Amino acid sequence: MIHAYWIKGLANIRTHLGRSLLQIFATGLATALLSIGVLLLTGIEPALTYTARLVNSPHLWIRVGDKNPKAIYEEMTHQIDNIQAFTPLYIRQDTWIGYNQERLSAGAILLPTTTPEVGHLSLEKGRWPKSDVLEGVIEAGAADKLGLELIKEPLTISVLGQDHSLSIQITGIVRDMSQAAYPLSTPALVYLSPAAFQTLFPVEPETQEAFFGVQIADLTRAQETVSAINEFMGKRPFTMNSWRYVVNGLSSMTTALAGFLILFGAMALLATVLFIAGTTSADLFQQAQELGVLRATGWRVRQLQFLYIGQILLITLPGLTVGALIALILGRQALDQLVRVMGLQINQVTITTPLVLVWLGIPLLASIVVFRITWHIGRQSPATALSLGYRQSPSRFSHWVQSIRIPITFRLALMMFLNRPFSSLVAIVVLTVSVITIVFALILNATVTEFTTNPASWGYN
């Protein structure tokens, strides 16, 4: 029997090869869009966790502007309880950086002489600078803006110091999880070796900007620790943020991008389901006599339903497989670009439960639709099917519409709607989703453009 299913299904696919290829394409498109959207929604947290473990990130970031931030840093390390570790104190000086014809307002940050146990920078390309050489690394967003493509050899940029500019060898591109990438956070950041920083800024200014991270020992007492830090800082100017504040701040953008893909994927899936329902109904009427012969020779109605379900699965599974592979390839690239804005790294794409549900749900939905469409095969005897074919009897709504007095145009339209309520409702939903998608795409494009060109208006600076 299974062999008969296989032969009959392949024969029908070969007969309607163009239609079958279109169904494979539609299924693959819906699978890819839905899967990429789900990957973007579910991939941020694993990237945050992986990066936090990679750099052993702190739980709090504290930024101060004071005459002597080093004294504040040293005093806090001895006075605040429930702190497991501190990052080094990162001193920042305002400057300008340039490469070719591009110039950017920037912040130059002093790197520690050794790799810190608790940090926030992860290397994307290249290598870390040597402490006794005029070298540095640059934040990924700033590197993109300058057009830096570090592959094998270091690149030279100009950095403006207190009284002169200096050529600095950029040995690597880094991602900074303490703030969003440039230009969402400004200014552009370049991280300099002690030798380069001291050469450019030999005199300490009256007021210095600095930041450092705090790793809390007992997270159940985190609020108590935050209160102690606030009390310690008193009236001195400072800001304190959670290690998650970049991810939380960009969550609306992430949801919008993923939501657009899922919405468009749902629209493609809806069109695919409608196409499958229409082609299955057409097959039933075209193959009425053939089905009558099969029933007369002993085939049961349930076996005929399984025949059509198997045929649809033969079509949808290749599309599902191709769509899933495309999603895993393109989804990783899209996810990497998204987490790059957040200063995060990804280890590998995680196949989560929602992603598996998408992959299982698409063939299941197609099977349910085909099962429902083929339900009325058993309503007619094999003899009737052989002589007249399959016909759906008029619904009660059709009789009711014929009895009311309304213009013939509205009566015909209402009869068509009520005779095919499922198809009519699906068409309405597809039209509605199309309008929503177009409006959403226009709003999303305007929002992302404004967000990237003028981040200060969204609270990023």
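Engineer: Please give an account of the pattern of salt bridges that cites residues and values.
Structural biologist: Enumeration over the complete set of coordinates arrives at nine salt bridges. Where Arg175 meets Glu124, a salt bridge forms, and the shortest distance between an N and an O atom there is 2.7 Å. Taken together, the residues span a long stretch of sequence, with Arg175 in strand β8 (residues 165-176) and Glu124 in strand β5 (residues 121-126) at a distance of 51 residues. What makes Glu124 partly exposed here is its relative accessible area of 22%.

Engineer: If you had to explain empty space enclosed by the protein to someone new, which residues and values would you point to?
Structural biologist: One way to see where empty space is left: roll a probe the size of a water molecule over the atoms. What the rule picks out here adds up to two cavities of 30 Å³ or more. As a volume, the second largest cavity reaches approximately 30 Å³. Every residue lining the second largest cavity is listed: Thr27, Leu269, Thr272, Val273, Ile276, Thr316, Ile362, Leu365 and Ala366. Mapped onto the lining of the second largest cavity, the elements with two or more residues apiece are α8 (251-286) and α11 (353-373). The biggest single contributor to the lining of the second largest cavity is α8, with four residues. Among the residues forming the lining of the second largest cavity, the class breakdown is six nonpolar, three polar and no charged.

Engineer: Give a detailed account of the pairing of strand β9 (residues 188-192), specifying residues and quantitative values.
Structural biologist: Summarising burial for β9: five of the five residues are buried, a large majority. In terms of strand pairing, strand β6 (residues 135-139) meets β9 through three bridges, oriented antiparallel. When the sheet's bridge partners are listed, Val137 is paired in β9 with Tyr191.

Engineer: Tell me what's going on with the nonpolar core, and back it up with residues and numbers.
Structural biologist: If you look at the biggest cluster of nonpolar residues, it comprises 45 residues, and the most contacted ones within it are Met76, Ile97, Ile138, Ile157, Leu192 and Phe212. Sequence-distant contacts of Ile97, defined by excluding residues within four places in its chain, comprise Glu102, Arg103, Leu104, Ala106, Ile138, Leu146, Ile157, Ser158, Val159, Ala188 and Val190.

Engineer: Could you give an account of the confidence of the model for the chain, naming the residues involved and the relevant values?
Structural biologist: Averaged over all residues, the pLDDT of the chain equals 79, while 75% of them reach at least 70. At the low end of the mean pLDDT range in the chain sits helix α12 (residues 382-388), at 56; at the high end sits β9, at 93.

Engineer: Could you give an account of unusual backbone geometry, naming the residues involved and the relevant values?
Structural biologist: Note the cis peptide between Tyr182 and Pro183, where omega equals 10°. Mapped onto the fold, Pro183 is located in the loop between β8 and β9. Positive phi, close to 55°, is recorded for Asn56, a residue that is not glycine. Since its relative accessible area comes to 33%, Asn56 is described here as partly exposed. Positive phi, normally seen in glycine, also occurs at Asn82, with a value near 60°. Inspection of the secondary structure puts Asn82 in the loop between α3 (69-79) and β2 (83-86).

Engineer: Describe the side chain of Thr225, naming the residues involved and giving the relevant values.
Structural biologist: Turning to its location among the elements, Thr225 is positioned in helix α6 (residues 222-233). In this structure the side chain of Thr225 is engaged in a polar contact, spanning 2.9 Å, whose partner is the side chain of Asn82.

Engineer: Please give an account of the side chain of Asn82 that cites residues and values.
Structural biologist: When its relative accessible area of 11% is taken as the criterion, Asn82 is described as buried. Polar side-chain contacts of Asn82 include one of 2.9 Å to the backbone nitrogen of Asp218.

Engineer: Account for the pairing of strand β4 (residues 102-110), naming residues and giving values.
Structural biologist: Across eight bridges, strand β3 (residues 90-99) lies against β4 in antiparallel orientation. Looking at β4, one finds that Tyr99 is bridged to Glu102. The antiparallel hairpin formed by β3 and β4 contains two residues in its connecting segment, where Asn100 sits at a positive phi of about 55°.

Engineer: Help me get a handle on the packing of helix α2 (residues 17-55) against α11, residues and values and all.
Structural biologist: Helix packing geometry: the angle between the two helix axes and the distance between the axes. In the contact formed by α2 and α11, the axes pass within 9 Å of each other and the chain directions differ by 165°. With respect to α11, the element α2 is oriented roughly antiparallel. The handedness of the crossing between α2 and α11 is right-handed. Together, Thr27, Thr31, Leu34, Ser35, Val38, Leu39 and Thr42 of α2 and Pro354, Leu355, Val358, Trp359 and Ile362 of α11 make up the contact between the two elements.

Engineer: Explain the environment of Gly323 to me, using residue names and the numbers behind them.
Structural biologist: Among the structural elements, Gly323 can be located in helix α10 (residues 301-341). Given the relative accessible area of 0%, Gly323 is considered buried. Taking the C-alpha atoms as reference, Gly323 lies 5.1 Å from Thr31; in sequence the two are 292 residues apart. When sequence neighbours within four positions are dropped, the list of residues in contact with Gly323 reads Gly28, Thr31 and Ala32.

Engineer: A description of the packing of α3 against α6 should follow, citing residues and the corresponding values.
Structural biologist: Orientation of α3 relative to α6, taken along the N-to-C sense of each, is 135°, at an axis distance of 11 Å. Taken as axis vectors, α3 and α6 run oblique relative to one another. Regarding α3 and α6, the two cross each other, and that crossing is right-handed. In this structure, α3 uses Ile72, Glu75, Met76 and Gln79 to contact α6, whose residues at the interface are Ile229, Phe232 and Met233. For the contact of α3 with α6, the residue count by class is five nonpolar, one polar and one charged.

Engineer: Pulling in residues and values, what's your account of α6?
Structural biologist: With twelve residues, α6 ought to run about 16 Å at 1.5 Å a step, and its terminal C-alpha atoms sit 17 Å apart, in line with that. Taken together, the buried positions of α6 are Thr225, Val226, Ile229, Phe232 and Met233. All buried residues of α6 project into a common sector of 125° when viewed along the axis, lining one side. Projecting away from the buried face of α6 at angles above 90 degrees are the exposed residues Gln223 and Glu231.

Parameters and conventions
- Residues numbered from 1 in each chain as written.
- Predicted model: local features only at pLDDT ≥ 70, side-chain atom pairs only at ≥ 80, totals over all residues.
- Heavy atoms only, no water.
- Salt bridge = Lys/Arg side-chain N within 4 Å of Asp/Glu carboxyl O.
- Helix = DSSP H or I, 4+ residues; strand = E, 2+ residues; numbered from the N terminus.
- Buried < 20%, exposed > 50% of the residue type's maximum accessible area, 1.4 Å probe, protein only.
- 1 Å grid on protein atoms, 1.4 Å probe; cavity = no way out; pocket = protein on both sides within 12 Å on 5 of 7 lines; lining within 4 Å.
- Points joined across faces, edges and corners; volume = space filled by probe spheres on them.
- Nonpolar A, V, L, I, M, F, W, Y, C, P; charged D, E, K, R; others polar.
- Pairing = 2+ DSSP bridges.
- Core = buried A, V, L, I, M, F, W, Y, C linked by side-chain atoms within 4.5 Å.
- Contact = heavy atoms within 4.5 Å.
- pLDDT = per-residue confidence, 0-100.
- Polar contact = N/O pair within 3.5 Å; in protein donor to acceptor, adjacent residues only side chain to side chain.
- Axes fitted to C-alpha atoms, helices over the stretch in contact; angles between N-to-C directions.
- Parallel < 35°, antiparallel > 145°, perpendicular 65-115°, else oblique.
- Left-handed = near helix turned anticlockwise from the far one by under 90°.
- Expected span 1.5 Å × (residues − 1).
- Arc of directions from axis to C-beta.

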